[in-house]
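Chain and residue survey
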Amino acid sequence: MKKNSNILANYLLHGGDYNPEQWLDYPEILQKDLVLMKQARTNTFSVGIFAWAQLEPEEGVFDFSWMDKIMNDIYQNGGRVILATPSGARPAWLSKKYPEVLRVSNERVQQLHGGRHNHCFTSLIYRQKVQIINRKLTLRYKDHPALLMWHVSNEYGGECHCDQCQDAFRRWLKKKYQTLTTLNHEWWGPFWSHQFTEWSQIQSPSVIGENSIHGLNLDWKRFVTSQTIDFYQQELIPLRELTPHIPVTTNFMSSTVDLLPFKSLDYSQFAKHVDILSWDCYPTWHNDWESLADTAMKVGFINDLYRSLKGQSFLILECTPSVVNVRPINRAKRPGVHLLSSVQFLAHGSDSIMYFQWRKSRGSFEKFHGAVIDHDGSSNNRVFQEVTQVGQVLEQLSDIVGTMPNSDVAILYDWENNWAINDAQGFGKETKFYPQTLQQHYQVFWNQDISVDVITKEQNFSKYKLLVVPMLYLVSEQTIDRLRAYVEQGGVLVMTYLSGIVNENDLTYLNGWPQLLQKVFGINVLEIDSYYPSDRNEVRYGDQNYEVKDYASVINVKEANVEGVYQADFYAKTAAITSHSYGKGKAYYVGARLNEQFHEVFYQKIMADLQISSNAAIKHEKGVSVQVRLSDTHSYWFVMNFTEKPQVIRVNCEVKDILSGEWIKGEVRLERYGFKIFVKKVG
Ligand code: GAL
């Protein structure tokens, strides 16, 4: 494994969002922060994220004095700064004087000033004002030794439907389609008289207007991604010009429940424009609907996706050391879980543990969100001490910086497919569960400590022995051909029900399932049946029956082997699961949604055929997870107990426990929520 070419530092970053602008009237607190930062073994702070009003209190009047002091103090204290551009929230004077910067909603209502993350991405004025403050910041701190990286804005998201955005959307469409004739064809214009005869007739989708043209809905989402990236890129102009040597990131996010990929921006596109991928991860630990291990599996999945976006180690820029404040119930991490969950981020490829936030606000919206320093200001509480423990562990792990997991298995996730499949009127409206289905396939590998890359459609497939592609409803001919080539050259491909239905503009394929897929899989997919929860069917696979849920494809077998057969309904005794040798590889089609027991048996057989196994030689019970990072010379094994009781694991070769320095082989006890990190020479 090559080392990450983008490493920021030769140590793991530990720290978080720091908002000194909230405490300028409390100099003693700012002073105390410096002492506590050292005590908590932190080294890096994201500063200035929402500080625009303190940096430019009036239009054209700038005050960097407080920021100068913070930059100097942190540096003298041994720390570094990830400096933010402040575009995530505006000063009131800006909205008042230039109301065009305020976002217009999908219902065409212009928002009032307030909140955050709600500016128009197209507004020229907003872009100019952001560039001015970004240039000032860059000029001021470009040579400051504390400056480690740029944190551009904060968690970009949302959309604006103002007139400027409508115009920009039409320009984007013209560039894509050139003529209205082409656009009308690709959007299937004659349906409900939806042809356009002038570009100006086209409007962004709206709940009070047009929302039934799927091609339009899809293009609008693509445009929002493209316009957000465009806004981001104009933020970068002064940064790239004046600090070309300083890496740039912007923090990505996920859904708050179940850690599904963030929906409204296509991060596979955005990732191309960041130097280092960073993101904010807030798992719902200790919820009342799943085990800690199930939550941990979802943490694994999303981190494996975000890591794979750039194929480099990444940064956790925000997580909470204790609670969040946005859920219906905001449960505290139980003792030990902060450390365990931090180790899990490292295990999946993070080079940092950073928090939202360093110090809890005294007032306003986030005053009860967890922080390293609570309102008691003390270092004697549980949270502060657990953070300090994380710091101590990170200090012993600097060798892992830039190392990466090495995966033989990939699962494919596609943002555009998620948009299109959710927009599709048909199938089971409430049971599509596209990303959740990926998590279910992922779970089998996670349970067996098999490293997985969760990749996107433009990435290289050929380095994987096994590529799993569930529910790829929207797929272009180009991607189909890449999948074909992958199998032809020896790859093993698993595809499922609801794949290969529409092309990149959401137009269905004609003349049956796409011809190339028919060739690769040796089947034609004739129908898709959607089930009520009470509907029952089973698939016979091997010597067992497995229950079908939600979806069953009716398959016409041409050249494939039948591996599983439906037990009931008008397609009883017909193929549900097939396999087909094509070129040097093999293509499996799983026509029905089946359960975890099926996935286990099914993938077990494929993994045995392909000799895919864990990179670590450890035996353990379910709920313990082992993930491995590799350097050119060493293999680092992260063994984590996500069960509610102590566990005994068996290590089958001699390894060194990094934290205790002991050499170990044989049985090792893990406490409840305990972990071990082992190292072993490779080669
Ligand atoms: C993040 C955001 C932070 C803070 C945090 C609370 O999404 O970037 O500023 O609001 O959530 O969990």
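Notes on the structure in this doc start here. The structure presented is a predicted model; accordingly, all values stated were derived computationally and were not measured. (Residues numbered from 1 in each chain as written. Predicted model: local features only at pLDDT ≥ 70, side-chain atom pairs only at ≥ 80, totals over all residues. Heavy atoms only, no water.)

**Comments concerning the overall build of the chain**
Along its length, the chain carries 17 helices and 27 strands. Computed over C-alpha atoms, the radius of gyration of the chain comes to 26 Å, within 12% of the 26 Å expected from 2.2 N^0.38 for 683 residues, which places it in the range of a compact globule. Each principal axis of the C-alpha distribution contributes one length, and for the chain these read about 75 × 75 × 45 Å. Here the chain, with 683 residues, has 61% of them falling under the buried criterion. Expressed as a percentage of contacts within the chain between residues at least 6 apart in sequence, the contacts between residues at least 24 apart total 74%. Carbon together with sulfur atoms contributes 50% to the accessible area of the chain, which is approximately 27000 Å² in total. The distance from the centre of the 70 positive side-chain charges to the centre of the 75 negative ones in the chain is 3 Å. (Helix = DSSP H or I, 4+ residues; strand = E, 2+ residues; numbered from the N terminus. Rg over C-alpha atoms; globule rule 2.2 N^0.38 Å. Buried < 20%, exposed > 50% of the residue type's maximum accessible area, 1.4 Å probe, protein only. Contact = heavy atoms within 4.5 Å. Areas by Shrake-Rupley, 256 points an atom, 1.4 Å probe, with all protein chains shown as cover. Lys, Arg positive; Asp, Glu negative; His and termini not counted. Charge placed at Lys NZ, Arg CZ, Asp CG, Glu CD.)

**Describing unusual backbone geometry**
Leaving glycine aside, a negative phi is the common case for residues, and trans is the common case for peptide bonds. The residue after Phe 356, namely Gln 357, is reached through a cis peptide bond having omega 15°. By the element assignment, Gln 357 lies in the loop between β9 (352–355) and α12 (382–395). Residues other than glycine seldom take positive phi values, yet Gln 611 does so here, at roughly 50°. Mapped onto the elements, Gln 611 comes out in the loop between α17 (596–610) and β22 (618–619).

**Observations concerning the side chain of Glu 21**
As for its position among the elements, Glu 21 is in the loop between β1 (13–18) and α1 (27–39). An unpaired buried charge is present at Glu 21: no salt bridge exists, and Arg 116, the closest side chain of opposite charge, is 10 Å distant. Dropping the residues within four chain positions of it, Glu 21 is found in contact with Phe 50, Ala 51, Gln 54 and Trp 66. (Salt bridge = Lys/Arg side-chain N within 4 Å of Asp/Glu carboxyl O.)

**Brief notes about the site of the ligand**
All residues in the neighbourhood of the ligand are listed as Phe 50, Arg 116, Asn 154, Glu 155, Asp 280, Tyr 282, Glu 318, Phe 356, Glu 366 and His 369. Contact distances for the ligand include 2.4 Å between an oxygen atom and a side-chain N or O atom of Glu 155. Contact distances for the ligand include 2.7 Å between an oxygen atom and a side-chain N or O atom of His 369. About the coverage of the ligand: the protein hides 91% of its 310 Å² of free accessible area. Comparing atom positions with the cavity grids shows the ligand to sit within the largest pocket. (Near = heavy atom within 4 Å. Polar contact = N/O pair within 3.5 Å; in protein donor to acceptor, adjacent residues only side chain to side chain. 1 Å grid on protein atoms, 1.4 Å probe; cavity = no way out; pocket = protein on both sides within 12 Å on 5 of 7 lines; lining within 4 Å. Sits in = over half its atoms within 2 Å of the grid points.)

**Here we look at the layout of surface pockets**
Its volume calculated, the largest pocket comes out at about 1000 Å³. Forming the walls of the largest pocket are 37 residues, and the residues nearest its centre are Phe 50, Arg 116, Phe 356, Phe 365 and Glu 366. A per-class count over the lining of the largest pocket returns twelve nonpolar, 16 polar and nine charged. Considering only enclosed or pocket space, the second largest pocket measures out at about 720 Å³ in volume. In this structure, the second largest pocket is lined by 26 residues; those nearest its centre are Trp 172, Arg 222, Ser 226, Gln 269 and Glu 416. The set of elements that each furnish at least two residues to the lining of the second largest pocket consists of α6 (163–177), α8 (214–242), α13 (415–423) and α15 (477–488). (Points joined across faces, edges and corners; volume = space filled by probe spheres on them. Nonpolar A, V, L, I, M, F, W, Y, C, P; charged D, E, K, R; others polar.)

Purely geometric stuff here, so don't read any function into it on its own.
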